[in-house]
Each structure stands twice: as C-alpha cells, then as structure tokens.
Amino acid sequence: MRKITTNIHDEKGTLNRFFSNCIGAGRAAEVMRYAPMQQLQKIQKECPFRYIRFHGIFHEEMNVVHREEDGSLSFCFQYVDILFDSLLEIGIRPLVELGLMPDILAEKKEYVFWWKMNISMPKIMEEWEMLIDAFIRHITYRYGEEEIKKWYFEVWNEPNHKNFFSEHKNINAYFTLYESTARTVKNVNPDYKVGGPATAGMQWIKELIEYCRTYNVPLDFITSHSYGIKGDFDPDGNAIVYLPNVDKVSSEIRHHGALCKKEGLPLFITEWSSSFSHTDPIHDNYFNAPYILRAIKRSEGFADIFSYWTYTDIFEENSPPTKPFHGGFGLINTQSIPKPSYYIYTFLHRLGNTELATEDEDCYICKSDNAVQILLWNIKKPETKEGNRKYFARPLPAQAIDDTQIVLNGFEPNQIYGITVETIGYQSGDAYTAYLEGNFTELPTRKETAALIEAAKPKKKMFQATSDKNGILTFSIPQMENSVDLVIIETN
C-alpha cells in the first residue's frame, strides 16, 4: 500500500507556481474571437495564468504592415491593440512571439498552416527592423514603459524545424535574425526582455548562448519546446506517434534547465504537451491528467515558465476542427467542454501557497489558513504497441489498485476533521469517455453539450476522520489506475 506522510508544520517553502506562469494559444486572430475569449475568461477565473503566447501577431489577419504606392512601409496596430487590451483586462499579459514574417516583407512565399503563416526570412533586414521598432514603440506608447518591462519578447518559432523556417538548416541565418531583432528591441528600451531560440526539441540552446556571449548580443532568457511523444507525420499529415516513456519531457527540461542555470539564464518552455500532434486523443483522455502532473513535478526548479500548449481546441493549423473530440491540444474543447487536463490546472490553483515536505514524488501537500490540500496521482504507461491515435481513441476502463493511505501529523488530538476528495480518472472528470460511451451525435446538440460539461466535472465525496491522541490523522483513498485526487482537509 502506498503511504503519503508529512507533518503539517514541516514547511518546505512557498509553492513554486511556475506551471501557471504561461499558457499557449494557436494564433492571435483566434484568441480575438468570442468563444476563445470566453474560454480564456473562464480560465482566468478558475486557474489563472500570468502570460499567454501565440503565433501570428504580424499575420495579414492582424492588418499590421502595408506597402504604400511609393514603396515605403506603414504600420497599423489597431487589431493588436484590441487583442492586447482584451488580455490585460482579464489579467493576463502577452509573451510576444516576434514572428513569423508578414508577406510584404518576406524574401519568399513559403507558408505553413491552413491559415498561411510565412516562414521566410525578410527580403530586406532593415524593413524587418522597422516593423519591430514600430511595434515596440507603439506598445510602449500605449501601455507605458513600466508595463512593457514586465513583458517578454521571443524571437520566431521553431527555427530549427522545416515547417517553420525556410533556413532551418542554417543556424547562422537564425543568429542573424535573432541579433537584428534583439538589438532593435533593446534600442527602444534596454530593460525590455528578449530571448530565443524557441526551438523544437530543445535544440540550439547552447549554440545561441555561445553566439550571444561571443558577439555581445542581448539574451535575457532561453526558450524552447518539448513534447512527450516520438514519431512523425505521414504524407497526408496524420501523426504516427507513440509514448516512449512518461518522463521524456521532464528529462529534457532537467538537462537543459541545469545548463541554463549554469549560464545564469532563465529557461522558458513556451510549448509543451504529451504530444505534438493536434489529432492525438491522448490530449482528450484521462491519462493526460496524471501525465501533466508528473511532468510538472519533475520539472520544478529547472524551468521558470512551463507553458502548456494550448488552452483551447479552437486551433486551425491544419484547418478548423470538425469533431468535438479530435485529439486537439486544448484544455477546453471546441464546444467549451473542459477536459481532464483543464481540471488539473484548477486543482493546482486550489493548492495553498505553503508547500509541506514529503518523500512521495507523485503528490503535492500544501496548506492555507484553513485547510490542508493533498494533490496525488498515479500513472501507468500503457502496455501496447499501438500508436496513440489508435490506442487512446477508444474507452479505456481503469483497473482498481491498492488504496493510498494518508498519514498526517501535527493536528489537534482527538478532533474530527471534514475531508473532501475530488477525482479525475476513468468516468470521473472524463467527458471524453462519456462521449465515446454515450449515444451522442457527432456534433452534440446544446442539450448534449450541457450533459458533457456536467460529465467533465470531477466526482466529489465527503467524509470525516478523527485524529488520534497524538494528533495523527490517518485515512485511506481508494485508487484506480491513472487517477488524480485532490484531497482537502478543513482545519478550521
């Protein structure tokens, strides 16, 4: 039997909430829409994040760059203002991805995504610098220097990936772009924070640090991306991927986080998830809940920002989604139905700010003024040779495992305490299984959607336990494979 123990007066310190420092979204123009903004407002009420990152701030949809008849450039930031104003009003700041390339400035007509994001270098570097300068000066004028000092500016997205940078085989091309961009930002205000390389698979980190140190190029933080699967895409764009182990993400982050710490640079993971495919049903499955928590716990102290990709399934890289549960990245699906992963972040948010010491690696124990909270999980990697798209596309009933015993010292002797347990697992906080097992239409009606939103809520049970004469409170929690429990013990 698993046993989780602590003394409620044995304080480890303030809970490191690096996991809530940032959340991802697809692109700027998506976030501006009614439904995604409503979803983001819900998130900011129930599990708020400090920053949000997305692509496409300079895309044609945002109407930023114009070429006049005489060949000169003009800039319009009206849509940018609408977006940034909306974000700031709900308490979240942008972590600004500077890229990719507006068509008007691009050297080539090379695109990625259904919505056509240009992946080319600028034809004339000075024009790119003009855009960056105008953008930084505009947001400074609108929001003030002290506000912009709190923002972060990341140069490009995955320049080492063939889909995102036409010069992906040429690291020196990225160095040129990075240096030009970073110096332009710093010319507006040297206190503004800029970094990169925003690479796929935690690549080019050491190289960028060495380049910036050698040529005295500004570098305030390192950014990169990590995903938990291996595999690739077939010629039709379908992901053929599998889960190699449950610690791929945290292992990469621990390695590179140690390197960055040695160099005195924060490490920002500006994209991470169990899978890099937006059609991988692992994202919808309850297995994703303990997976997220395990990755978070094992990455603590090595990443300063750990930005889950993404908050919503309204995400159109390969075209708008056609099914309610299609393996999308989001914490919330297209119909605003929360996934198990969403409730993981609400559980984390509800933890008290004081973390308690424990030897168990798969839990958090925290306390606030009137409660002790225990967030515990168990995870078992699927024993299958099937790829994710096949394995996680069907209901996966969980097996019962041994109970977990909770032993907490430091309570008042012989006192009765109220305890609440909320569970995420198979058929609990599990709208995806409810959808697969229920008789739902492919696109749910409003009534069916309401039923699925109800099924998405974690099941709750309440009971009481009495401390012994020594102030030790002991009770057990029934367990199923790959489940998560939030246990709240009322102390007042």
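See the structure above.
Below or above, wherever it landed, is the structure these notes cover. (Residues numbered from 1 in each chain as written. Predicted model: local features only at pLDDT ≥ 70, side-chain atom pairs only at ≥ 80, totals over all residues. Heavy atoms only, no water.)

Taken as a whole and judged by the stated rule, the model has 40 aromatic pairs. Measuring from centroid to centroid gives 6.4 Å for F84 and F135, while their planes differ by 65°, and the two rings are edge-to-face. Here the residue F84 occupies a position in helix α3 (residues 78-89), and F135 occupies one in helix α4 (residues 125-143), the gap between them amounting to 51 residues. Given a relative accessible area of 0%, F84 falls into the buried group. Relative accessible area serves as the criterion here: at 0%, F135 is assigned to the buried category. Here F113 and F164 contribute two aromatic rings whose centre-to-centre distance is 5.6 Å and whose plane-to-plane angle is 65°, an arrangement assigned as edge-to-face. Placement of F113 in the loop between β8 (111-112) and β9 (117-118) and of F164 in the loop between β10 (152-155) and α6 (171-188) is noted, with a sequence separation of 51 residues between them. We note that F113, like F164, is buried. A network of ring pairs unites the aromatic residues F58, F75, F77, F84, W128, F135, Y143, W151, W156 and F165 as a single cluster. (Phe/Tyr/Trp six-rings, centres within 6.5 Å; stacked < 30°, edge-to-face > 60°. Helix = DSSP H or I, 4+ residues; strand = E, 2+ residues; numbered from the N terminus. Buried < 20%, exposed > 50% of the residue type's maximum accessible area, 1.4 Å probe, protein only.)

Attention shifts here to the pairing of strand β7 (residues 93-98). Burial analysis of β7 places five of its six residues in the buried class, the great majority of the element. Pairing between strand β4 (residues 51-55) and β7: two bridges, direction parallel. Looking at β7, one finds that I52 is bridged to P94. Relative to β10, β7 runs parallel, the two sharing four bridges. Among the inter-strand pairings, V96 is bridged to a residue of β10, identified as F153. (Pairing = 2+ DSSP bridges.)

Backbone hydrogen bonds hold the strands of a sheet together, and the pairing may be parallel or antiparallel. Sheet architecture is open: three strands sit in the order β1-β20-β23, paired in mixed fashion. Sheet topology places β1 (2-7) and β23 (473-480) at the edges, where each strand pairs with a single neighbour. Strand-to-strand, the axes of this sheet are offset by a mean angle of 20°, without reference to chain direction. Pairing analysis gives six bridges linking β1 to strand β20 (residues 400-409), with the strands arranged parallel. Opposite I4, over in β20, you have I406 as the bridge partner. (Axes fitted to C-alpha atoms, helices over the stretch in contact; angles between N-to-C directions.)

The next thing to look at is the sheet that holds strand β2 (residues 11-14). Read across the sheet, seven strands follow the order β2-β17-β18-β19-β24-β21-β22 without closing on themselves; strand pairing throughout is antiparallel. Only two strands of the sheet have a single partner each, and these edge strands are β2 and β22 (459-466). Taking each pair of neighbouring strands and ignoring which way they run, the sheet shows an average axis angle of 25°. Pairing analysis gives two bridges linking strand β17 (residues 354-356) to strand β18 (residues 363-367), with the strands arranged antiparallel. Considered in β18, the bridge of E355 is made with C366. Running at roughly 110° to strand β19 (residues 371-377), helix α9 (residues 288-299) makes contact with β17, β18, β19, β21 (416-424) and β24 (484-490) of the sheet. (Contact = heavy atoms within 4.5 Å.)

In terms of nonpolar packing, the biggest core is built from 129 residues, with F84, F135, F153 and W272 touching the most fellow members. Among the elements that make up this core, the one with the highest residue count is α4 (nine residues). Apart from the residues within four sequence positions on either side, F153 is in contact with V96, L98, F135, I136, I139, I148, V185, Y192, K193, V194, G195 and F221. If you look at the next biggest cluster of nonpolar residues, it comprises 20 residues, including I8, C363, L376 and I419. (Core = buried A, V, L, I, M, F, W, Y, C linked by side-chain atoms within 4.5 Å.)

Helical geometry note: an α-helix holds 3.6 residues per turn, so side chains three or four residues apart project in the same direction. Between its terminal C-alpha atoms α9 stretches 16 Å, which fits the 16 Å expected from twelve residues at 1.5 Å a residue. The buried fraction of α9 is high, at twelve of twelve residues. Where α9 is concerned, the buried positions are N288, A289, P290, Y291, I292, L293, R294, A295, I296, K297, R298 and S299. (Expected span 1.5 Å × (residues − 1).)

Looking along a regular strand, one sees side chains alternate from face to face of the sheet. Examined bridge by bridge, β20 and β23 share seven bridges and lie antiparallel to one another. Across the sheet, Q405 pairs through a bridge with S476, a residue of β23.

Let us now look at the environment of G264. Summarising the element assignment, G264 is placed in the loop between α8 (248-262) and β15 (267-273). With a relative accessible area of 60%, G264 lands in the exposed category. A sequence separation of 43 residues divides G264 from F221, and the C-alpha atoms of the two residues are 8.9 Å apart.

Below, the discussion takes up the pattern of salt bridges. The full count for this structure, using the stated rule, is 36 salt bridges. The shortest N-O distance in the salt bridge between E167 and K108 comes to 3.9 Å. Of this pair, E167 sits in the loop between β10 and α6 while K108 sits in the loop between β7 and β8, placing them 59 residues apart in sequence. On the basis of relative accessible area, K108 is assigned to the partly exposed category, the value being 32%. Residue K339 pairs with D284 through a salt bridge whose shortest N-O separation is 2.7 Å. On the criterion of sequence distance, the pair formed by K339 in the loop between β16 (305-308) and α10 (340-349) and D284 in the loop between β15 and α9 is long-range, its members being 55 residues apart. The same class applies to K339 and to D284, which are both buried. (Salt bridge = Lys/Arg side-chain N within 4 Å of Asp/Glu carboxyl O.)

With 18 residues, α6 should reach 26 Å at 1.5 Å per residue; the first-to-last C-alpha distance of 26 Å fits that figure. The N-terminus of α6 is capped by N170, whose side-chain oxygen sits 3.1 Å from the backbone nitrogen of N172. (Polar contact = N/O pair within 3.5 Å; in protein donor to acceptor, adjacent residues only side chain to side chain.)

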